Amino acid sequence: MASNMDREMILADFQACTGIENIDEAITLLEQNNWDLVAAINGVIPQENGILQSEYGGDTLHGPAYGPTSHSTAASSTPSSSSAFRHVVPSRQIVERQPRMLDFRVEYRDRNVDVVLEDSSTVGDIKHILENELQIPASKMLLKGWKTGDVDDSTVLKTLHLPKNNSLYVLTPDLPPPSSSHSGALQESLNQNFMLIVTHREVQREYNLNFSGSSTIQEVKRNVYDLTSIPVRHQLWEGWPPSATDDSMTLAVSGLTFPCHRLTVGRRSSPVQTREQSEEQCTDVHMVSDSDGDDFEDATEFGVDDGEMFGVASSALRKSPMMPENAENEGDALLQFTAEFSSRYGDCHPVYFIGSLEAAFQEAFYGKARDRKLLAIYLHHDESVLTNVFCSQMLCAESIVSYLSQNFITWAWDMTKEANRARFLTMCTRHFGSVVAQTIRTQKTDQFPLFLIIMGKRSSNEVLNVIQGNTTVDELMMRLMAAMEIFSAQQQEDIKDEDEREARENVKREQDEAYRISLEADRAKREAQEREMAEQFRLEQIRKEQEEEREAIRLSLEQSLPPEPKEESTESVSKLRIRTPSGEFFERRFLASSKLQVVFDFVASKGYPWEEYKLLGTFPRRDVTQLDPNKSLLEVKLYPQETLFLEAKE
């Protein structure tokens, strides 16, 4: 087995001989030949006259463009002379290179077609073979899966520097889709969720990751990079199905076992390059990378700083902080946190409470028992390798977002900056006690993010659970539901106590109300009696005043009456007998020449004013009060005598 130093030299010689610039591809070809340089070169560039032999075996090496060179001593070796091969003048007889045979496995829907061609053939030749096999016009095919650059039908295969074995796939966007049953099954697979149990070989640690069937293998590898810090190009995998030949394939069509599939990942030992080689490769890294984002992952391993790869300042590539350092206003800090969280992970995320931690307590714990909720505190840390996966895969999962919005008040804080971390620990000590604060203080960076589940009690706030970032969606949901069970039991007790307290208060309020109504009724009755008595007194006063007035009038009339003539008077005298409504009679003599008004005044002086009573005659019956009061008794025929009676007017 070659040592690491030997492998570095072999890799450099192999790339120089074959012209293969993709390090990942070169390492793969060498590993297939157990790091035998000659066998690997012959596998890529077969020779007609003889086999290449390295200097390690002591023989010379024959070839069209390269010849052997002797190693210098270790002390005198330089990066430029460390290669086991150098350019030489070709020999007089140049051997014509025989064509390489390339194997292609082409996938189209549910079929696989094997194609073998010389490397002098073109992409169009592959399409013509597939046209006969698949019965699809070549003009309708899009042949995908090429590792380097864009190709067209005229592209010669040997210009693509392909390995011996290749995997391609055919797309036919202009052709109708397959039968509805196949399409429905594929769509169902794309909608399924796959549980990938990934074992990190070096640290013997398992990660349970959930991905939809529409996720690609490349997305899985990038997420694993976030968890393990192993760049995609250095990941060495075990457990992928044989059909998973392209990182752009979706999990639904890759052949994974549903619903759970086990994989193992480790770090492939990568050669150490010189600074000059690293800078040279970085200028073309976007051309040889297998994916759009892999070329940046291990730039520092090749001597290039993250922020200097293309002359861009490192600060321009860094993420904006989730929260300003030394944030004075918690509400403003949470506004920035929410905006930055949305820009990183999308709009499907928990609704973070905007305000201070005390305000979040008020919202969650101090309403009516039926309206209370648990408080979830999310503690973010940008320097943790678990943060991106936890936020994108767990915290932003629709099921988690929906469950949190229904049952929790969610508050967040960024622990990346030391000042903000210290401020939260101070708040934590004040609200939860020193034990909880010490627990959070001792958490390592890679254990973040943290999810604290808080339940409010009568006298204190209890931390039900501290969830670390190395969890899964299912486990997170189970722990949230377990906290809800505890909270629901406590909430039911609080609701019962609150209902009993409200019932007692309602009884007391009803009693107080009944007592108040009784007092009001008594007061109203007393006031009514007082009003009645006052009214009676007023009426009595009026009556007395009226009686006094009438009595005064009566006395006045009585005094104004002319004297009653005597019986022996020589003048004509009329004698009137008057019957009252009560049956009493009173008599009086009047001069026949007296006016009828004198009779009215006399009757009024007896308490029967003519405004209220009628004075009626008997034969004939007539109403005397209707007669002219200025006429004499003789004129109205009340002479010499007459009986009259009084009757009250209607």
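Provided above is the structure to which this section pertains.
Our subject in this report is the structure included herewith.

Rules behind the numbers
- Along every chain, residues carry numbers that run from 1 in the direction the sequence is written.
- Totals for whole chains, interfaces and linings use all residues, but because this is a predicted model, local features are given only for residues with pLDDT of at least 70 and pairs of side-chain atoms are given and counted only at 80 or more.
- In computing side-chain values, all of the structure's heavy atoms are included and hydrogens and water are not.
- To sort residues, take the accessible area from a 1.4 Å probe on protein chains only and compare it with the maximum for the residue type: under 20% means buried, over 50% means exposed, and anything in between is partly exposed.
- Elements are defined by DSSP. Helices are runs of H or I of four residues or more, strands are runs of E of two residues or more, and each kind is numbered from the N terminus.
- Any two strands with at least two DSSP-identified bridges between them are counted as paired.
- To estimate the expected span of a helix, count its residues, drop one, and scale the result by 1.5 Å.
- Two residues qualify as a contact provided that any one of their heavy atoms is within 4.5 Å of a heavy atom in the partner residue.
- Simply put, an axis is a line fit to the C-alpha atoms, just over the touching stretch for a helix, and the angle between two N-to-C directions goes from 0 to 180 degrees.
- Here the angle decides the label: under 35 degrees means roughly parallel, over 145 means roughly antiparallel, 65 to 115 means roughly perpendicular, and every other value means oblique.
- Each crossing gets its handedness from the near helix: less than a right angle anticlockwise from the far helix is left-handed, clockwise is right-handed.
- Each residue is assigned to one of three groups, with Ala, Val, Leu, Ile, Met, Phe, Trp, Tyr, Cys and Pro labelled nonpolar, Asp, Glu, Lys and Arg labelled charged, and all others, Gly among them, labelled polar.

Let's talk about the pairing of strand β7 (residues 193-200)
Counting buried residues in β7 gives seven out of eight residues, a clear majority hidden from the surface. The pairing of β7 with strand β8 (residues 205-212) spans eight bridges and is classified as antiparallel. Residue pairing for β8: F194 is matched across the bridge by F211. Linkage of β7 to β8, two consecutive antiparallel strands, is achieved through a turn of four residues, within which Q204 is found at a positive phi near 55 degrees. Bridge count for β7 against strand β10 (residues 260-267) is six bridges, and the pairing is parallel. Directly across from M195, in β10, lies its bridge partner C260.

Concerning helix α6 (residues 217-228)
With 12 residues, α6 extends 16 Å between its outermost C-alpha atoms, agreeing within 8% with the 16 Å of an ideal straight helix rising 1.5 Å per residue. Taken together, the buried positions of α6 are I217, Q218, V220, K221, N223, V224, L227 and T228. Buried residues along α6 sit in contact with β7, β8, β9 (235-238), β10 and α12 (387-395).

Some remarks on the packing of helix α13 (residues 398-407) against helix α16 (residues 473-560)
Interaxial distance between α13 and α16 falls to 10 Å at its minimum, and their mutual angle equals 15 degrees. Relative to α16, the element α13 lies roughly parallel. As α13 packs across α16, the resulting crossing turns out to be left-handed. Across the interface between the two elements, S399, I400, Y403, L404 and N407 from α13 touch V473, L476, M477, L480, M481 and M484 from α16. Within the contact of α13 with α16, the residues separate by chemical class into nine nonpolar, two polar and no charged.

Notes on the sheet that holds strand β3 (residues 101-108)
The strand order β4-β3-β6-β5 describes an open sheet built from four strands, whose pairing is mixed. Of all the strands in the sheet, the pair left with one neighbour each is β4 (111-118) and β5 (142-144). Strand-to-strand twist in this sheet, taken as the mean axis angle between neighbours without regard to direction, amounts to 30 degrees. Two elements, β3 and β4, share eight bridges in a ladder whose sense is antiparallel. Across the sheet, residue Y108 finds its bridge partner in β4, namely R111. Together, β3, β4, β5 and β6 (165-171) form the strand contacts of helix α4 (residues 123-134), whose direction differs from that of β4 by roughly 140 degrees.

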